[in-house]
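# Architecture and fold: a report
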Amino acid sequence: DVKVTQSSRYLVKRTGEKVFLECVQDMDHENMFWYRQDPGLGLRLIYFSYDVKMKEKGDIPEGYSVSREKKERFSLILESASTNQTSMYLCASSLRQPTEAFFGQGTRLTVV
Amino acid sequence: RKEVEQDPGPFNVPEGATVAFNCTYSNSASQSFFWYRQDCRKEPKLLMSVYSSGNEDGRFTAQLNRASQYISLLIRDSKLSDSATYLCVVNTGDNTDKLIFGTGTRLQVFP
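Just so you know, these numbers come straight off a predicted model, no measurement behind them. (Residues numbered from 1 in each chain as written. Chains lettered and ligands numbered in written order. Predicted model: local features only at pLDDT ≥ 70, side-chain atom pairs only at ≥ 80, totals over all residues. Heavy atoms only, no water.)

The side chains of a regular strand alternate between both faces of the sheet. Residue and element names in this part refer to chain A. Both strand β5 (residues 42-51) and strand β6 (residues 54-57) contribute to a ladder of three bridges, which runs antiparallel. Its bridge partner lying in β6, Tyr47 is registered against Lys57. Counting the residues that bridge the hairpin from β5 to β6 gives two residues, and of these Lys53 lies at a positive phi of roughly 65°. (Pairing = 2+ DSSP bridges. Helix = DSSP H or I, 4+ residues; strand = E, 2+ residues; numbered from the N terminus.)

Written as structure tokens, this is what we have:
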């Protein structure tokens, strides 16, 4: 079974802190994604990576950066957390040629 | 215009009913289409891919209309366990594998 693991289920951080959200997949997938999910807005793509060290901006990259140094790991970084980044963050992975994307269980981040 | 649009619902239907959801997409170059299901406080999971000729999986039927740029999901003989949010997913069509999600349609099946 494909497994996508996010490092934390719940996080509380202070405004201005640097926040790292980690995601690891165990199926050798080329593609990895970071989304955030907010009520009424659905899942919005923050960043996408199709290979090690390769990344593309999604619809809402402002305030975020990503790192993919190894194929299995895709990190989302909030350089200076703000309250409007309070959200559910979902990581996903898939093979090339859009196929099924497998999601992690999500990280609910609260910025206070 | 949003890239992928869905009616948020909720659709409240009795057990045994047939219900249909539509989803429109804006990029005519999109090539891959999916329906995902998301239960409350859970991650989304693939329900079915949508093929050009339409496809069926048990009580679920998916259709694609490229001319009008919409996909549909039909659920027959609804079960209580079908209560969930159904997400329409489309790739961006720009020769990448980026997947764009609709905001979802909530279905509530009642006894």
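Having put the structure on the table, let's press on.
On to the sheet that holds strand β3 (residues 19-25) of chain A. All names here are of chain A. With antiparallel pairing, four strands are arranged side by side in an open sheet as β1-β3-β8-β7. Pairing within the sheet leaves two strands with one partner each, and these edge strands are β1 (4-6) and β7 (64-70). For this sheet, the mean inter-axis angle between neighbouring strands, taken without regard to orientation, is 20°. (Axes fitted to C-alpha atoms, helices over the stretch in contact; angles between N-to-C directions.)

What follows concerns the environment of Phe102 of chain A. Relative to the helices and strands, Phe102 of chain A resides in strand β10 (residues 102-103). In this structure the C-alpha to C-alpha distance between Phe102 of chain A and Met32 of chain A, which are 70 residues apart in sequence, comes to 9.4 Å.

Residues and elements named next belong to chain A. One pass over the full model with this rule turns up two disulfides over all chains. Paired through a disulfide, Cys23 and Cys91 show a sulfur-sulfur distance of 1.9 Å. Classification of the bridge connecting Cys23 and Cys91 rests on its S-S torsion, roughly -80°, and on that basis the disulfide is left-handed. Here Cys91 lies in strand β9 (residues 87-94) and Cys23 lies in strand β3, a separation of 68 residues in the sequence. What makes Cys23 buried here is its relative accessible area of 0%. (Disulfide = S-S within 2.5 Å. Buried < 20%, exposed > 50% of the residue type's maximum accessible area, 1.4 Å probe, protein only.)

Any link to function would need more than the numbers given here.
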